[in-house]
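# Chain and residue survey
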Amino acid sequence: MAKQENSDDQDYKARSVALRLLARREHSRQELTLKLRQRQLDGSIISRVLDDYEREGWLDDDRFSDVYSRQRIDLGYGPLKVLAELQQRGIHQTPDCLDELTDADWIRNALLLRDKRFGLSDLSGNWDEKMRQARFLTRRGFTANQVERALEVSEPNDLGV
């Protein structure tokens, strides 16, 4: 009898912890699995609870990837960084919101980020500053082409990429 009570306690704990985490923000299935395992919960109980939550619509990797991607884009991250972070969270397909953005949109985002961080100035004569800004944009996850195009602009009027 004690074994049954222990199993019920773990099931209740898994459900309440998962629901509490999902109430705060969207999570991927992998993220929730890791957080529940950190609480020493049984793997079969975790799987069962997360399967139930997926059927209920409370846990959805597609919705998570879309929300997460939009948040990261709004914070000034490029496509490479967003995709890498999604893969770390167990999402291995490209969300629709990333597919909808064209290369010109990403260049405009890189340019706006550059303008906000460094201002727009002609970098043709200042190799060190050009490389510093290029490294920054690359770390933010923009492609080499997007970085190069963003660094070519030196006038605010040219923001209309």
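Below: a short report on this structure. (Residues numbered from 1 in each chain as written. Predicted model: local features only at pLDDT ≥ 70, side-chain atom pairs only at ≥ 80, totals over all residues. Heavy atoms only, no water.)

## Some thoughts on the nonpolar core
Note the cut-off: Remark: nonpolar core denotes a set of buried residues (Ala, Val, Leu, Ile, Met, Phe, Trp, Tyr, Cys) joined through side-chain atoms within 4.5 Å. Think of it in three bands: with a 1.4 Å probe and only protein chains considered, a residue is buried below 20% of the maximum accessible area for its type, exposed above 50%, and partly exposed in between. To qualify as a helix, a DSSP run of H or I must reach at least 4 residues; to qualify as a strand, a run of E must reach at least 2; elements of each kind are numbered from the N terminus.
One finds Val82, Leu86, Leu137, Phe142, Val147 and Leu151 to be the most contacted residues of the largest nonpolar core, which totals 22 residues. The set of elements that each furnish at least two residues to this core consists of helix H4 (61-74), helix H5 (79-88), helix H7 (103-118), helix H8 (127-139) and helix H9 (144-152). With 4 residues, H7 is the single largest residue contributor to this core. Judged by nonpolar contacts, the second largest core, of 14 residues, contains Ala14, Ala18, Leu21 and Leu32.

## Focus: unusual backbone geometry
Phi is positive for glutamine 40, which is not a glycine, with a value near 60°. Among the secondary structure elements, glutamine 40 is positioned in the loop between helix H2 (29-37) and helix H3 (43-56).

## As for the packing of aromatic side chains
To keep things clear, this is the line we draw: Any pair of Phe, Tyr and Trp rings, taking the six-membered ring for Trp, is counted once the centres come within 6.5 Å. Such a pair is stacked with planes under 30 degrees apart, edge-to-face with planes over 60 apart, and tilted for the rest. A ring is scored as having a charge over it whenever the NZ atom of a lysine or the CZ atom of an arginine sits within 6 Å of its centre and within 35 degrees of its normal.
What the rule picks out here adds up to 4 aromatic pairs. Its end group placed over the ring of tyrosine 77, arginine 72 keeps NZ or CZ at 4.1 Å from the ring centre. Above the plane of the ring of tyrosine 77 lies arginine 140, whose end atom (NZ or CZ) is 4.5 Å from the centre.

## Quick word on the pattern of salt bridges
For clarity, the threshold we go by: Throughout this description, the term salt bridge denotes a Lys or Arg side-chain nitrogen within 4 Å of a carboxyl oxygen of Asp or Glu.
In this structure the tally under the stated criterion is 13 salt bridges. A salt bridge links arginine 29 to aspartate 51; the nearest nitrogen and oxygen atoms lie 2.9 Å apart. Separated by 22 residues along the polypeptide, arginine 29 in helix H2 and aspartate 51 in helix H3 bring together distant segments of the chain. Since its relative accessible area comes to 32%, aspartate 51 is described here as partly exposed. Put simply, arginine 108 and aspartate 105 hold a salt bridge, and the shortest N to O gap is 2.6 Å. Within this pair, arginine 108 and its partner aspartate 105 are both found in helix H7, separated by 3 residues, close to a single helical turn. On the basis of relative accessibility, which here comes to 29%, the residue arginine 108 falls in the partly exposed class. Given the relative accessible area of 18%, aspartate 105 is considered buried. The structure contains a network of salt bridges with shared partners spanning Asp11, Arg15, Arg48, Asp52 and Arg55.

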